[in-house]
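# Inside the fold
The primary structure of each chain is shown beneath.
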Amino acid sequence: MSELVENKDKIEEYKKQARELTAQLTLEEKVFQMLHNAPAIERLNIKAYNWWNEGLHGVARAGIATMFPQAIGLAAAFDEEMMEEVGDAVATEGRAKFNMQQEFGDTDIYKGLTFWAPNVNIFRDPRWGRGHETYGEDPYLTSRLGVRFVQGLQGHDESYLKAAACAKHFAVHSGPEDLRHSFDARVTEKDLNETYLPAFKALVQEAKVETVMGAYNRTNGEPCCGSSTLLKDILRDKWGFDGHIVSDCWAIKDFHENHRVTEGPVDSVALAVENGCDLNCGNMFFYLLEAVKQGKISEEQIDQAVTRLFTTRIKLGLLGDHKQVPFNDIPYEIVDSDKYKQLNLSVAKKSLVLLKNQNQLLPLNKADIKTIGIIGPNANNRKALEGNYEGTASRYVTILEGFQDYLKDDVRVLTSVGCHLHKDRISGLGIENDRIAEVKGVCKASDVIIACMGLDSGLEGEEGDEGNEYASGDKPHLNLPGLQEEVLKTICESGKPVILVLLSGSALAINWAEQNVNAIVQGWYPGALGGQAVAELVFGECVPEGKLPVTFYRTTEELPDFTDYSMENRTYRYMKNEALFPFGYGLSYTNFIFSDLTCNCQELTPDGAEIGVTIKNVGNYAGRETVQVYVKVNCENTPNPQLKAFAKAALQPGEEKRISFHLPADAFSLYDDKGTKRVLDTTYTIFVGGSQPDARSIKLTGKKPLEINISAAQRMELE
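Residues numbered from 1 in each chain as written. Predicted model: local features only at pLDDT ≥ 70, side-chain atom pairs only at ≥ 80, totals over all residues. Heavy atoms only, no water.

### Points about the sheet that holds strand β21 (residues 677-679)
Pairing between the strands of a sheet is mediated by backbone hydrogen bonds and can be parallel or antiparallel. Under the convention used in this document: Here the rule is simple: two strands pair whenever DSSP picks up at least two bridges between them. Helix and strand definitions here come from DSSP, where helices need a minimum of 4 consecutive H or I residues and strands a minimum of 2 consecutive E residues; each element is numbered from the N-terminal end.
Strands sit in the order β20-β21-β24 across an open sheet of 3 strands; the sheet is antiparallel. The sheet terminates laterally at β20 (670-671) and β24 (716-717), the two strands that pair on one side only. Bridge analysis of β21 against β24 gives 2 bridges, and the strand direction is antiparallel. Paired with R678 across the strands is E717, a residue of β24.

Following this line, the structure appears as structure tokens:
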């Protein structure tokens, strides 16, 4: 936990300084400080500051920086310590770039220390285009990874924030993208508290996140950036949030233009500030001058907002005595350094998920191969490395380049784009499927084929950013787009061993591939060095350890309506159908077995339960396994077993370790229809293993998680 946020005396001192500074401003100066591009106030030595910066998986949109795998790939590592290390790297490079930019008077957009990340919305529907910005579909996993990323970004200095993190988008936000400016997400108190709010609560109360960003949509009738329920009742009053709230960009004008809950801009800005929105990404807060004049908002409320904003800037060391800030001497040379390139490669390897490995085809032995074919629209596609909210890498290693670099002159590498990512031909003047002969030629000449299929961030992403003739932000279906599956079938007809490398930020319904391809690697958007990571994994330089942070469904048709925010039949926690590849699933080159599951009590107490399990590596490779703990409430109409703890275990061949977990009473709780959290007087089953305890995971892995039962003799109300 950040020492800074626990230092209450220091925070009170900062607030006092901020109030004193605010008191010296005119009303117009205060209002202008509430815009994301806050101007300088030279008479008070306040520099211009642009609050808008992005750091989802690396410092974004401001030149060279380390580009880590996209957030969904980071989540697949199931590694809390790694998440904090990545967050710290983003903050360190952010500080280094900030120090350089300040030296040369650059205060432009994307040049500040307030990073609007992480995105802790729940990836409830695989069609949502922005889902790859998230940590997946599970609120517990999202909470744990989000907390550690924030702690990495904000640092542990007792006086200053290294950077300011932002929990977004608050709340109940996950598409459809083309409706987000007018959509009303209707949710029950149960789903709100059980699914959509836990990650935000954890970031506020545990990580002490400095900023929360409101969402574009309405939630239960209230626009999120002006919601008294979300911003006042829950965020500030119930959770005790003490930082500042920022609107999503140009969301305030949606109040009157699209949501139609206010008469015009003056009423819209008054509603936002009245309910606690302090900073406007956009320019609507100009109208606050008129709102004060008309008595719709008080100057004291403006003062409160500006004080919060100045407090953040003081915490960052941007106002006051700059000599005391320990991060001011971070040199620019650390950006894109060898240290961070090695970290990036390590993270990319940890994010890769092995979905299938028929007859242990992988890892390949270089000595057995004379020619390898790399085929597909993502073979040499830089955009498929990036994801969105990306920075600029000094070098990109695509899948093709990764294999070329790794194999050098030892193995001949042949390649073909195979087909367009989503169109029916490469050449505008060509016939349909105009690269299929080349595909056949490469297959004939090769000993093994790497098929590089999937999506890129031009096909799935944010509305307005990712419009094209295939789709606009969201995915229309879960199938491989264009001719990709047809080309994949042609590759397999060659009779050569085929390894499918999927680059995508979301789940795809690859049913045919699951049945017919020899091996499948889910690569996500693996960052600037993704191609190197994939090549090293395929040839056994590293052992796969990633697990799916989302469910891979079999069909689009089995999904509920995209606009239905009920969690019924959504995600692994509530779905009724069998998954293609389940949440928490991922294979290894080695073999881990679990034994001796113990619990310190048979009856649950308010202190929770202590469990222990032994894990042993009985395979031939050193590797890391994700030990997963699930809890099932044994009553009707309760969720499937839910993830409640996880840990990474690194083991040499033959090595075994004892892993212990504390499961608080909270891990056994559910919310009722009124939003009250209770532990029911019933029995509970605790499952521990390398996957979920569902039938599909057991079939795919050939292993059944261990289980133990515990009971609760009386109901416990937790909040």
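We are not done yet, so read on.
### Concerning the pairing of strand β13 (residues 498-503)
Counted only if it meets this: The cut-offs for exposure are 20% and 50% of the maximum accessible area for each residue type, with area from a 1.4 Å probe on protein chains only; residues under the lower value are buried, those over the upper are exposed, and the others partly exposed.
Counting buried positions over the 6 residues of β13 gives 6, a clear majority of the element. Across the two faces of β13 the burial is the same, with V498, L500 and L502 and I499, V501 and L503 all buried. As judged from the 6 bridges shared by strand β12 (residues 448-454) and β13, these two strands associate in the parallel manner. Note that in β13 the partner of I449 across the bridge is V498. Sheet topology note: the β13/strand β14 (residues 519-522) ladder contains 4 bridges and is parallel. Each bridged residue has a counterpart across the sheet, and for L502 the counterpart in β14 is Q522.

### As for the environment of G482
Which entries qualify depends on this criterion: Pairs of residues are marked as contacts when any of their non-hydrogen atoms sit within 4.5 Å.
Position of G482 relative to the elements: it lies in the loop between β12 and α18 (484-493). For G482, a relative accessible area of 45% translates into the label partly exposed. Each C-alpha atom of the pair G482 and H422 lies 4.0 Å from the other, and the pair is 60 residues apart in sequence. Non-local contacts of G482, meaning those with residues more than four positions away in its chain, are made with L421, H422 and K423.

### Topic: the domain arrangement of the chain
Just so we agree on the cut-off: Each domain's extent is set by a domain assignment, obtained either automatically or from a database. Throughout, buried area stands for the accessible area (probe radius 1.4 Å) lost by two parts on being put together, summed over both. By salt bridge we mean one thing: a side-chain nitrogen of Lys or Arg within 4 Å of a carboxyl oxygen of Asp or Glu. Within 3.5 Å is the distance limit for a polar contact, defined as a pair of N or O atoms, with the added protein rule that one can donate a hydrogen and the other accept it, and that residues adjacent in sequence qualify only through two side-chain atoms. The classification used treats Ala, Val, Leu, Ile, Met, Phe, Trp, Tyr, Cys and Pro as nonpolar, Asp, Glu, Lys and Arg as charged, and all other residues, Gly among them, as polar.
Splitting the chain by domain gives domain 1 (4-330), domain 2 (339-539) and domain 3 (592-717). Put simply, the middle of domain 1 and the middle of domain 2, counted by C-alpha atoms, are 36 Å apart. With both chains or domains summed, domain 1 and domain 2 bury close to 3200 Å², and 61% of this area falls on carbon and sulfur atoms. Run the count over domain 1 and domain 2 and you get 3 salt bridges. In this structure, K350 and D79 form a salt bridge, with 3.9 Å as the shortest nitrogen-oxygen distance. Put simply, domain 1 and domain 2 have 18 residue pairs in polar contact (both at pLDDT 80 or more) between them. Of all the elements in the fold, those that place two or more residues in the side of domain 1 that touches domain 2 are α4 (71-76) and α5 (80-103). Classifying every residue of the side of domain 1 that touches domain 2 by side-chain character gives 19 nonpolar, 10 polar and 12 charged.

### Concerning the sheet that holds strand β15 (residues 592-599)
Under the convention used in this document: Interaxial angle, 0 to 180 degrees, is taken between N-to-C directions of lines fitted to C-alpha atoms, where a helix line uses only the stretch in contact.
Overall, antiparallel pairing links the 3 strands, which are arranged β15-β16-β19 in an open sheet. Looking at the sheet topology across the chains shown, the edges are occupied by β15 and β19 (656-663). Strand after strand, the sheet turns through a mean of 20° between neighbouring axes, direction not considered. In this sheet, strand β16 (residues 609-617) lies alongside β15 in antiparallel orientation, the contact comprising 6 bridges. By the bridge assignment, C599 is partnered in β16 with I611.

### Side note on the nonpolar core
Where we set the bar: In plain words, nonpolar cores are sets of buried Ala, Val, Leu, Ile, Met, Phe, Trp, Tyr and Cys residues tied together by side-chain atoms within 4.5 Å.
One finds I372, F403 and I491 to be the most contacted residues of the largest nonpolar core, which totals 81 residues. Both domain 1 (4-330) and domain 2 (339-539) contribute no fewer than three residues apiece to this core. Aside from chain neighbours lying at most four places away, what touches F403 is I372, I374, K408, V413, I450, V534, A535, V538 and F539. The next biggest cluster of nonpolar side chains, apart from the first, holds 67 residues, and it includes F115, V172, V209 and F241.

### With respect to the state of the cysteines
As used in these notes, a disulfide is a covalent bond between sulfur atoms, one from each of two cysteines. As a reminder of what qualifies: The term disulfide is used for any two cysteine sulfur atoms that are within 2.5 Å.
Tallied over the entire structure, the rule returns 1 disulfide. Sulfur-sulfur distance for the disulfide between C249 and C281 comes to 2.1 Å. In this structure, the disulfide formed by C249 and C281 twists by about 85° around the S-S bond and is classed as right-handed. Highlighted residues: C249 in the loop between β8 (244-246) and α10 (254-257) and C281 in the loop between α11 (265-274) and α12 (288-293), separated in sequence by 32 residues. An identical accessibility class is assigned to C249 and C281; each is buried.

### Re unusual backbone geometry
K168 connects to H169 through a cis peptide bond whose omega is -5°. Following the sequence through the fold, H169 ends up in strand β3 (residues 166-170). For the bond running from F170 to A171, omega is 5°, close enough to zero to count as cis. Topologically, A171 is positioned in the loop between β3 and β4 (184-185). Look at V172: it is not a glycine, yet its phi comes out positive at around 60°. Looking at where V172 falls in the secondary structure, it is placed in the loop between β3 and β4. With relative accessibility at 0%, the residue V172 sits in the buried group. One non-glycine residue, R260, adopts positive backbone phi at about 60°. In this structure, R260 sits in the loop between α10 and α11.

### Structural notes on α5
What counts here: The length a helix should cover is 1.5 Å for every residue beyond the first.
Between its first and last C-alpha atoms α5 spans 35 Å; for 24 residues at 1.5 Å apiece the expected length is 34 Å, and the two agree. Burial within α5 is extensive, with 18 of its 24 residues counted as buried. In this structure D79 caps α5, since a side-chain oxygen of it lies 3.2 Å from the backbone nitrogen of E81. Just beyond α5, the residue with positive phi is G105, at close to 70°.

### A closer look at the environment of L480
You can see L480 is positioned in the loop between β12 and α18. Looking at L480, the relative accessible area reads 9%, which means it is buried. Sequence separation between L480 and W51 is 429 residues; the distance between their C-alpha atoms is 39 Å.

### Notes on the side chain of N121
Mapped onto the secondary structure, N121 falls in the loop between α5 and α6 (139-154). A polar side-chain atom of N121 sits 2.8 Å from the main-chain carbonyl oxygen of H169. Setting aside residues up to four positions removed in sequence, N121 forms contacts with W128, T134, G136, K168, H169, H173 and F200.

### A short note on the pattern of salt bridges
Inspection of the entire model under this criterion finds 46 salt bridges. Across the pair R186 and D184 runs a salt bridge whose closest N-O atoms are separated by 2.7 Å. Residue classification places D184 among the buried residues on the basis of a relative accessible area of 17%. With a closest N to O distance of 3.2 Å, E194 and K190 form a salt bridge. Of the two residues, E194 and K190 both sit in helix α7 (residues 189-196), 4 residues apart, roughly one turn of that helix. In this structure E194 comes out as buried when scored by relative accessible area, which is 7%.

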